[in-house]
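Descriptive analysis of the structure
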Amino acid sequence: MPHRSSRADAIERWLSVARSWQPSPSHDGREVLFVSDRTGLPLAWRCPVRPGPSRPLVRSPDRVGRVDASPTGPRAVLSRDAGGNEVWQLELVDLSGGGVLPLTSDPKVMNLAHGWMDDGRRFLYASNARDFRYFDVYARDVDSSGAPVSVFSGDAWHMAYGTRGDRVLVGRLNTFLNIDLFLVEGRRVVHLNPHDGEVSVSSATVGADAVYVATNPGREFLGLYRYPFDGGSPTRVREYPGDVECVRASPSGDRLLLSVNRGGWSELREFDPATGRDRKVPLDPPGVITELQWRADGTSVVYDLGWANGHEIFLRRLAERRSVRLTRSPIPPPFPLPAPRAGTVTAEDGLAVPYWEYVRDSHRARGTIFWVHGGPEGQARPEFDADLGAAVGEGWRVIVPNVRGSTGYGRTYVHLDDVRRRMDSVRDLRDLARALARSRKAEPGEIGILGGSYGGFMVLAAITTYPELWGAAVEYFGISNFVTFLERTAEWRRSQREAEYGNLAHDREFLTEISPIHHLDRVRAPLLVAHGKNDVRVPFGEAEQIVRELSDRGARVELVAFENEGHGFSRRENQLTALRRSLAFLAEHVGAPPRPPRVRAGRGASARATPRSGRRRTPATSARSRSTGGRP
């Protein structure tokens, strides 16, 4: 087994693999602004479109969540919070070196950036300044010291999806999965999609002739729909075998770029609404797109792409066959992480539950870890995750399930865990563990389980509901008590989360019944808990109470707390602390040390031959904790 310091160095190397995301092309098309964590904290960067070195846009002691380049001049707006508290403030940055000007400054008010209007003078954002429970949409004239202008307000969460000229497309989030769209032009407001029941919207854009939306009225998956400006009847333009996730109209508004989720992988497509021509734009490597933007000339697009071994910014000239990678992590992955294998298991009720399997060498895996995603309206996808890479590098088989309630598998699937069906999704973990035991990939009682945010609840629910299955558990910033969570979560989140989990006024008894904090007498597995003290989504008290209760019972439990983190770990030193301790904790209680490579005896060789070297080569690894874990 390698020396402890070698293992630590391997984990640190994995975590040093930089990610770059959220590209925003400059007004002249010569540069792309983006967010990257290459210095150990997410900050704003810039790079030329002709491959060259990336440079920091501004230096900051706090993380940057987003950067938006102006469409008309050398400036940008960036979002920054403090200590992971998610109270985002907006700043205007002069790209020519003229400094930084605060646009918002109230430390109690959250400001969510949405992008520039076409004039390059007004910037759209949502703010809860009027009432901490709700978000109104504002336009701020960055050249004026006057107050921002209200675009759309009301007692709900609103956001701006897109703009063209003076038109602004606004969404009202009744829930995260049920959204109303309004087209605002001055005082004229058109409700584009009045509906009964639930209609989801993943993306929308204002084209030259209409609004184009990724939505699912009356259907399982999100397709491409056209909504006339005057509020007339919508048209279903195109459907794909999966959800349309991102829709972007070209600068002239006559063409669309789409990303489609096909079984977790992204497919990039170019669509011409006038002719109906639909063309697939191949991705190399295959992966997952989280953002794409047209450049001003309308001939090319920039996008970010995550795959097993990186998360970078790419440029694609649509007339050419290949994309150009614009960013490259200064430190590459220590070894090529194999692409995950997709599998499904049949649950007790007959439902097919998908999962991903990561393993470097199936014959020599030291044990199995379940890695549970957050949300619950989220989806584990085959993109770069340094935490996961580090675990695979340590010799683990990692199983990443998409239990019922996950997105990406249709409207019916995502609602199979709602409120009173919450524990059905926990049962999926049991059924998957039993299936792996039958295939001899895991032994009951010898499986590790790890999850963050809502995935943290799933971990706690699993070890209290099916305690015989788990050898050890790691829970990051998870829910231990639904009642205290809903009482203490940030005001702007409560109604959205009650729509998913249940309402305290009507479901308190049920929420109490399923809360892991009330079933700790069943816990057998040692538990490690990691949490940021500035978490406004899942307050730190959720960690404190589970650790206190288990400690009072004499159970094996540890707490790793971070003073300068919120919901997720954004600072590399904290990510490293959490991951090192997590993998060491799992190794202490689950599985065995990685076995050395088997040596096949050649002709005339002894069957008892030993490896050529007494030292086992340990792949250097890097990891990064999920920063938000979805919507707990």
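Right above here is the structure, for reference.
Residues numbered from 1 in each chain as written. Predicted model: local features only at pLDDT ≥ 70, side-chain atom pairs only at ≥ 80, totals over all residues. Heavy atoms only, no water.

Concerning the sheet that holds strand β7 (residues 89-94)
Spatially, four strands are ordered β5-β6-β7-β8 in an open sheet, and the strand pairing comes out antiparallel. Of all strands in the sheet, those bounded by a partner on one side alone are β5 (64-69) and β8 (99-102). For this sheet, the mean angle separating the axes of adjacent strands, direction not counted, is 25°. Strand direction decides the pairing type here: strand β6 (residues 75-80) and β7, joined by six bridges, are antiparallel. Bridge pairing in β7 links Ala76 to Val93. (Pairing = 2+ DSSP bridges. Helix = DSSP H or I, 4+ residues; strand = E, 2+ residues; numbered from the N terminus. Axes fitted to C-alpha atoms, helices over the stretch in contact; angles between N-to-C directions.)

Points about empty space enclosed by the protein
Scanning the model with the defined rule gives two cavities of 30 Å³ or more in all. Of the pockets and cavities examined, the second largest cavity occupies roughly 50 Å³. Surrounding the second largest cavity, Val372, His373, Pro376, Val403, Arg404, Gly405, Ser406, Asp417, Tyr454 and Met458 form its lining. Its residues assigned to classes, the lining of the second largest cavity comprises five nonpolar, three polar and two charged. (1 Å grid on protein atoms, 1.4 Å probe; cavity = no way out; pocket = protein on both sides within 12 Å on 5 of 7 lines; lining within 4 Å. Points joined across faces, edges and corners; volume = space filled by probe spheres on them. Nonpolar A, V, L, I, M, F, W, Y, C, P; charged D, E, K, R; others polar.)

So, the pairing of strand β36 (residues 557-562)
On any regular strand, side chains alternate: one points to one face of the sheet, the next to the other face. Relative to β36, strand β35 (residues 527-532) runs parallel, the two being bridged by six bridges. Counterpart to Gly532 in the pairing with β36 is Phe562. Following the backbone out of β35, through helix α9 (residues 541-552) and into the adjacent parallel β36, one traces a crossover that is right-handed. (Right-handed = clockwise from strand over helix to strand, strands pointing away.)

Brief notes about the packing of helix α4 (residues 422-438) against helix α5 (residues 454-465)
Contact pair α4 / α5: the axes reach a minimum separation of 10 Å and the direction vectors enclose 75°. Taken as axis vectors, α4 and α5 run roughly perpendicular relative to one another. Here Arg422, Met423, Ser425, Val426 and Leu429 of α4 lie close against α5, whose contacting residues are Tyr454, Phe457, Met458, Ala461, Ala462 and Thr465. Residue classes in the contact of α4 with α5 are distributed as eight nonpolar, two polar and one charged. (Parallel < 35°, antiparallel > 145°, perpendicular 65-115°, else oblique. Contact = heavy atoms within 4.5 Å.)

Details of the pattern of salt bridges
Any two side chains of opposite charge can pair if their charged atoms end up close together. Under the definition given, this model contains 55 salt bridges. Note that Arg262 and Glu267 form a salt bridge whose closest N and O atoms lie 3.2 Å from each other. As a salt-bridge pair, Glu558 and Arg556 come within 2.8 Å of each other at their nearest N and O atoms. One salt-bridge network, in which partners are shared between bridges, spans Glu348, Asp349, Arg404, Asp424, Arg427, Asp428, Arg430 and Asp431. (Salt bridge = Lys/Arg side-chain N within 4 Å of Asp/Glu carboxyl O.)

A word on the state of the cysteines
Tallied over the entire structure, the rule returns zero disulfides. Cysteine Cys47 is unpaired, with the sulfur of Cys246 as its nearest cysteine sulfur at 19 Å. (Disulfide = S-S within 2.5 Å.)

Let's talk about the side chain of Arg572
Mapping Arg572 onto the fold places it in helix α10 (residues 572-589). An unpaired buried charge is present at Arg572: no salt bridge exists, and Asp37, the closest side chain of opposite charge, is 4.1 Å distant. A polar contact of 3.0 Å, which involves the side chain of Arg572, links it to the backbone oxygen of Leu15. (Buried < 20%, exposed > 50% of the residue type's maximum accessible area, 1.4 Å probe, protein only. Lys, Arg positive; Asp, Glu negative; His and termini not counted. Polar contact = N/O pair within 3.5 Å; in protein donor to acceptor, adjacent residues only side chain to side chain.)

Notes on the sheet that holds strand β12 (residues 149-152)
One open sheet holds the four strands; their spatial order is β9-β10-β11-β12, and the pairing between them is antiparallel. Each end of this open sheet is capped by a strand with a single partner; those strands are β9 (111-116) and β12. Averaged over all adjacent pairs, the angle separating strand axes in this sheet is 30°, with direction ignored. Here strand β11 (residues 136-141) pairs with β12 via three bridges, running antiparallel. Within β12, the position partnered with Val137 by the bridge is Phe152.

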